[in-house]
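Here are the chains, one letter per residue:
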Amino acid sequence: MLSVDQISVEQPLSLKEQDWAEPEAPCLSCPCDGPPNSLAVSEGTGDPTGASEAYELLQSALHQEGLPSTLDRTAEPRTGFGPLDMTVCILGAPTAFLPVLLEGGARCPGAMLLCLSPAWASRVPSETQPGAWSLLLSRAVSFEAGGRSALEAFAPPRRATYATGTFATATWAAELARDLDCPTGGSAPLARLLEDLLAARGVLAARAGLPVPPTLAFAPPRPGGALPGLDGAPGLRLVQLSSTAGQDGLIQEELGAFLGGAAMAPYTQVAVRPAGWRWRGSGARSTHTKVEGAAVAQAVQGWLRSLQEEESVLVEALVPTAHLPAPTSPTRSVSPRPPMALRICTVVCRSWGDRPQLCQVACCVGRAEAPVRHGAALPQGLDSALQQWGLTEPGQRQALGARLRHAAEAAMAAILDMEAELTPEQRGGTRVQTDVMGMDFLLTCVGDSLELMALSANMQQCLETCGLAEAMGRSVGEPTGDLPRLLAETMLHRAQCHLLEGKDILLIGAGGVSKSFVWDAARDYGLKIHLVESDPEHFAAGLAETFLPYDSTEHRRDEEHAERVVELVQARGLRPHGCLCYWDDCVVLAALVCQRLGLHTNPPAAVRLAKQKSRTHQHLLQCRQGRPPPATYAVPCCPVQSHGDVERAAAALPFPAVAKLEYGAGAVGVRLVESASECHAHVERLWRDLRADADHPGIGLGWGNSMLLMEYVPGTEHDVDLVLFEGQLLGAWVSDNGPTRVPAFLETAACMPSCLPPDRQAQLVRAAQQCCLACGLVDGVFNVELKLGPGGPRLLEINPRMGGFYLRDWIREVYGADLLLAAVLVACGLRPVLPARPAARTHLAGVMCLASLHGPALGAGGGLEALRALQARGLVRLNRLFEQPEAGEYEEPCLSVACSGETHRDACLRLLSLCQALGIDSPHYPVAHFLSHFK
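These numbers come from a predicted model, not from an experiment.

**Q** So, the packing of aromatic side chains: which residues are in play, and what are the values?
**A** Applying the stated rule across the entire model yields six aromatic pairs. Here Y925 and F930 contribute two aromatic rings whose centre-to-centre distance is 4.9 Å and whose plane-to-plane angle is 75 degrees, an arrangement assigned as edge-to-face. Using a relative accessible area of 0% as the deciding quantity, one classes Y925 as buried. Given the relative accessible area of 5%, F930 is considered buried. Positioned over the ring face of F81 is R158, at 3.9 Å from the centre of the ring.

Pasting the structure below:
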């Protein structure tokens, strides 16, 4: 709680009856502010007034931002758009979404379209979803990099893959967006529900646990039943008026109890106002002292007579903004400050993984006797507003900002939960959901602490206010905020997911139990998986759309296997849109199959080069171009296929050195050797024990059991998971590994995000990207293992596939991005949209468990059941790595256990406590030591 000692409560508001006020509107420039534009957009549009005015408004807004006017390209209609082209359509007025359109145009040129007239679009019955409609655009304004825009015609019309718009103000936009077959960010029914003050406050109080102004509501019966979320909402009471008989007495009784009740004790005044869709943005209300019960009752009865269906009358406490003494100077006289009110506007979006994320905050200040309305005052930042209010301590302002973030995101989570319970008809379609919303808060005083009180929710007003604050900041050199980027990414992400629905994906190799998440993801994304798998009894056989059993375990014959697989695919009449592989053994086979089917892929030679570890380093050592050249990251190594090779390698490399399988995975067989004799003994033992895939499936023995000897590299170990498309880096995530259990180099612990400073993380990411490109890997999701020493990063190995173990799960949890989705998009030839500046939403620390050390504690000791119970409560993250783990010299981890926290320290402390309680921590497995590296 923030102490507010010596806070003085605002003086009582002067009584003032307020007549109808104009609806709230954005602060827009007149069209005459911009340059003259002779483009006749009204010709042939069927909307000679609305489209022209909206178009001129767009030109004015572009001019004010210093951007070029829209070009007219309608003389040459655009063609050639197919089912894999992304089309994000904004319906309605241009100003609210203009920053998003500009950002989206920079990220995905030509994908963001603005429709200004109902004559520019049409609805046709959906070919994929019975009862739904496809939205087709014959004309729209498109946006590209550099703020350029163009009015375009499309022949044939272009199909929308995502739609949203100003549904709260444009009836035609709401009608076009009804019951679409593509994802839709909002609808008229949702807007009406969200902007009904009574409904919104009920949801915020009951589901989000947010304080709202004490409110008494009177409402006639609703045709659709009671509003959702009103039961048990603290601070809110709804009185259903069933008939006029006895109504006056009931109103008097309820008002008396409310005005004299404990909830109203801190307040002296109330406002009487109508609530419902029709009253959004109006200033219709009257104010009274709470002792004027008769006047309040008269105002309630007056509003009741003018209500329409699904409207109500609210009697709410006039909660004053907390008043802090302004800082004084001994050399300046302080003039009296009139009572002021502060409205805090927030914009929240449905971010990656359907999580609410606060995008931006803006504050508006006005006189306390009149409501501070959107569009009536210029916005300012939260920090400066709080300083102006008297919060001089930076720590207090930061704490209040953190509380505001939590409250705004909790508010949206409550709204989304409520929406999920509505029927498609109530939402306005099966694909409709709220993707962006505004929340207004008041900073008030409760006892001796400051409290954020939720006032209302809206679809557009906060977006316009925060957009104006963003534009004002740019005019004085402030950096661009997160609002346009986050909203554009939300829309583009949903549009991309829609593109994949129903697509046929050929999967080469199903992998083990650690890859079982793929089948849930395939269902969620609407993918049709056609699986090629060597094990005819694999658990995924019944989960795939098509199961193609084919034994490809002898991967030295992958050219032959690729021919047979293509024959199988063609014999079934399959025409996959993409081919994917995340199982280490099958990456080369997948590339060969893609090549033969004409699908998007890396050259098979590049995948072979990355797959064979010694060839990777030897190739990079020859790459001397660049600053620095890729050779900088390579480590000297020698292939070992015989004991004679051991002697030659020992003569070329210093000891200690690292011996490992040439095609190995999971660190099986990796060992630190101190001398040539140790290396001889190790390779002899390994060649005896691990000869073929059946000896230890999944570690690359289908490629043979040849070895390599590599120079030992000191430093900390890290994973870089990166997404490349046509050689361009689209996303990269760095994780830290704890100390391995030398001499076997088995992974012990990990954390995400990395503890490294940004410049050191940047070194790792650039090294990983350069190594992949130098090997010819330009398209896909790759996992690169590196060590980081004082002199910079050094490569351990490149895995030409998605990272294994827990990495996909952790990256989704911490950053929201899905590596599997990115891999599918690239396989289909689509450029993935990923977070441009990913910020960690939490910190994860995890530890690996071994069957040999932890089997008794996890099994008979009940540890695994306890962990599953904690996972069900969201307190730990479990990732099973093997169905039946084997102990012994070539043991692999069987389970990853992770805890989250607001900081690395919090996560590590929680994890250590858990491991000590369950017996995972022991003198033979010192978890505290493993986690001590994450600082």
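**Q** Break down the nonpolar core for me, with residues and values.
**A** L91, L135, W519 and V897 are the most contacted members of the largest nonpolar core, which totals 141 residues. Tallying contributions element by element places helix α12 (residues 483-500) first for this core, with ten residues. Those residues in contact with V897 that sit more than four places away from it in its chain are A845, G846, V847, C849, L867, R877, L878, L911 and L914. Of all hydrophobic cores here, the second largest spans 55 residues; its members include A191, L197, A408 and M459.

**Q** So what's going on with the pairing of strand β29 (residues 728-737)? Residues and values would help.
**A** Buried residues dominate β29, accounting for seven of its ten residues. Judged from the eight bridges that link them, strand β28 (residues 716-725) and β29 form a sheet pairing that is antiparallel. Each bridged residue has a counterpart across the sheet, and for H718 the counterpart in β29 is D736. The loop that links β28 with its antiparallel partner β29 comprises two residues; one of these, E726, has a positive phi angle of about 50 degrees. With two bridges joining them, β29 and strand β30 (residues 749-752) adopt antiparallel strand pairing. Looking at the pairing, N737 lines up with A750 of β30.

**Q** Quick rundown of the pattern of salt bridges? Include the residues and the values.
**A** Tallying each qualifying case throughout the model produces 41 salt bridges. Notably, a salt bridge pairs R178 with E175, separated by 2.4 Å at the nearest N-O pair. On the basis of relative accessible area, R178 is assigned to the partly exposed category, the value being 34%. Among the salt bridges present, the one from E311 reaches R278, with a minimum N-O distance of 3.0 Å. With E311 in the loop between α7 (293-305) and β14 (312-317) and R278 in the loop between β12 (269-275) and β13 (285-289), this residue pair connects regions lying 33 residues apart in the sequence. According to the relative accessible area criterion, E311 is buried, its value standing at 3%. Here R278 falls in the partly exposed class, since its relative accessible area comes to 37%. Linked by salt bridges that have partners in common, R107, D482, R485, E489 and R837 make up one network.

**Q** Which residues make up the state of the cysteines, and what are the values?
**A** Summed over all chains, the structure comprises zero disulfides. C108 takes part in no disulfide bond, and the closest cysteine sulfur, belonging to C497, lies 13 Å away. Relative accessible area serves as the criterion here: at 13%, C108 is assigned to the buried category. Between C359, a free cysteine, and C349, which holds the nearest cysteine sulfur, the sulfur-to-sulfur gap is 3.5 Å. Residue C359 is classed as buried on the basis of its relative accessible area of 8%.

**Q** So what's going on with helix α25 (residues 904-918)? Residues and values would help.
**A** For α25, spanning 15 residues, the distance from its first C-alpha to its last is 21 Å, which sits close to the expected 21 Å at 1.5 Å a residue. Packing partners of the buried residues in α25 comprise β30, β33 (843-849), α23 (851-858), α24 (863-872), β35 (895-901) and α26 (927-931). Directly after α25, the chain includes G919, whose backbone phi takes a positive value near 85 degrees.

**Q** Summarise the confidence of the model for the protein; cite the residues concerned and give the values.
**A** In this model, the protein carries an average pLDDT of 88, and 91% of its residues clear a pLDDT of 70 or more. The low-confidence segment residues 1-46, where pLDDT is below 50, has 107 contacts with residues more than four positions distant or belonging to other chains.

**Q** Describe helix α1 (residues 50-64), and please don't skip the residues or the numbers.
**A** In this model, α1 (15 residues) spans 21 Å end to end at C-alpha, consistent with the 21 Å of a helix rising 1.5 Å per residue. What α1 keeps buried is the set A51, S52, A54, Y55, L57, L58, Q59, S60, A61 and L62. Downstream of α1 by a residue or two, G66 has a phi angle that is positive, lying close to 75 degrees.

Cut-offs and rules
- Residues numbered from 1 in each chain as written.
- Predicted model: local features only at pLDDT ≥ 70, side-chain atom pairs only at ≥ 80, totals over all residues.
- Heavy atoms only, no water.
- Phe/Tyr/Trp six-rings, centres within 6.5 Å; stacked < 30°, edge-to-face > 60°.
- Buried < 20%, exposed > 50% of the residue type's maximum accessible area, 1.4 Å probe, protein only.
- Lys NZ or Arg CZ within 6 Å of the ring centre and 35° of its normal.
- Core = buried A, V, L, I, M, F, W, Y, C linked by side-chain atoms within 4.5 Å.
- Helix = DSSP H or I, 4+ residues; strand = E, 2+ residues; numbered from the N terminus.
- Contact = heavy atoms within 4.5 Å.
- Pairing = 2+ DSSP bridges.
- Salt bridge = Lys/Arg side-chain N within 4 Å of Asp/Glu carboxyl O.
- Disulfide = S-S within 2.5 Å.
- Expected span 1.5 Å × (residues − 1).
- pLDDT = per-residue confidence, 0-100.

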